[in-house]
Amino acid sequence: MLDIERICVAEDVSLRKVTELLDESGRQIIMIVDKDRRLTGTFTDGDLRRALLKGATLADPVKGFFNARPISSPASGGRSRAVAIMRERGI
């Protein structure tokens with residue numbers, strides 16, 4: 001089972017740390033969360049490539065380089081709601 005805390009970080013974490021977490025977790029996504037642990041965005045290896053192409057360094061914070069508009073579903077919605085959202089969005 002996934003320990004979700006292992007893939008949650010704040011916006012001020014460096015691109016290096018987020019990249020290390022992507023590698024260590026074996027997951028393809030890192031969740032960016034605020035101080036109240038609410039989802040504010042997602043970060044993938046594609047986001048890293050785009051950041052580097054824009055001139056970012058691995059020492060730069062992830063802020064400004066993650067997807068701040070992820071598609072999500074409330075936990076209370078259950079599996080059927082999540083599947084409906086995925087179908088609506090073509091995911």
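Participant: Please clarify how the sheet that holds strand β2 (residues 30-33) should be interpreted in this entry.
Facilitator: Strands belonging to one sheet form pairs held by backbone hydrogen bonds; the direction of such a pair is parallel or antiparallel. Taken in spatial order, the 3 strands of this open sheet run β1-β2-β3, and their pairing is mixed. Each edge of the sheet is formed by a strand with only one pairing partner; in this case those strands are β1 (8-9) and β3 (39-43). Examined bridge by bridge, β2 and β3 share 4 bridges and lie antiparallel to one another. Across the sheet, residue Met31 finds its bridge partner in β3, namely Thr42.

Participant: Honestly, helix α1 (residues 15-25) in this entry has me stumped. Any pointers?
Facilitator: For an α-helix the count is 3.6 residues per turn, leaving residues at separations of three or four pointing the same way. Within the span of α1, buried status applies to Leu15, Val18, Leu21, Leu22 and Ser25. Down the axis, α1 shows its buried residues gathered within 120° of arc, on one side only. Exposed and oriented more than 90 degrees from the buried face of α1 are Asp23 and Glu24. On its buried side, α1 packs onto β1, β2, β3 and α2 (45-53). Positive phi shows up at Gly26, right after α1, with a value of about 75°.

Participant: Would you explain the pattern of salt bridges in this entry?
Facilitator: Once the charged atoms of two side chains with opposite charge are near each other, the side chains can pair. Tallied over the entire structure, the rule returns 7 salt bridges. Across the salt bridge formed by Asp36 and Arg38, the nearest N and O atoms sit 3.2 Å from each other. A relative accessible area of 46% means that Asp36 is categorised as partly exposed. The structure contains a network of salt bridges with shared partners spanning Asp34, Asp36 and Arg38.

Conventions we followed
Residues numbered from 1 in each chain as written. Predicted model: local features only at pLDDT ≥ 70, side-chain atom pairs only at ≥ 80, totals over all residues. Heavy atoms only, no water. Pairing = 2+ DSSP bridges. Helix = DSSP H or I, 4+ residues; strand = E, 2+ residues; numbered from the N terminus. Buried < 20%, exposed > 50% of the residue type's maximum accessible area, 1.4 Å probe, protein only. Arc of directions from axis to C-beta. Contact = heavy atoms within 4.5 Å. Salt bridge = Lys/Arg side-chain N within 4 Å of Asp/Glu carboxyl O.

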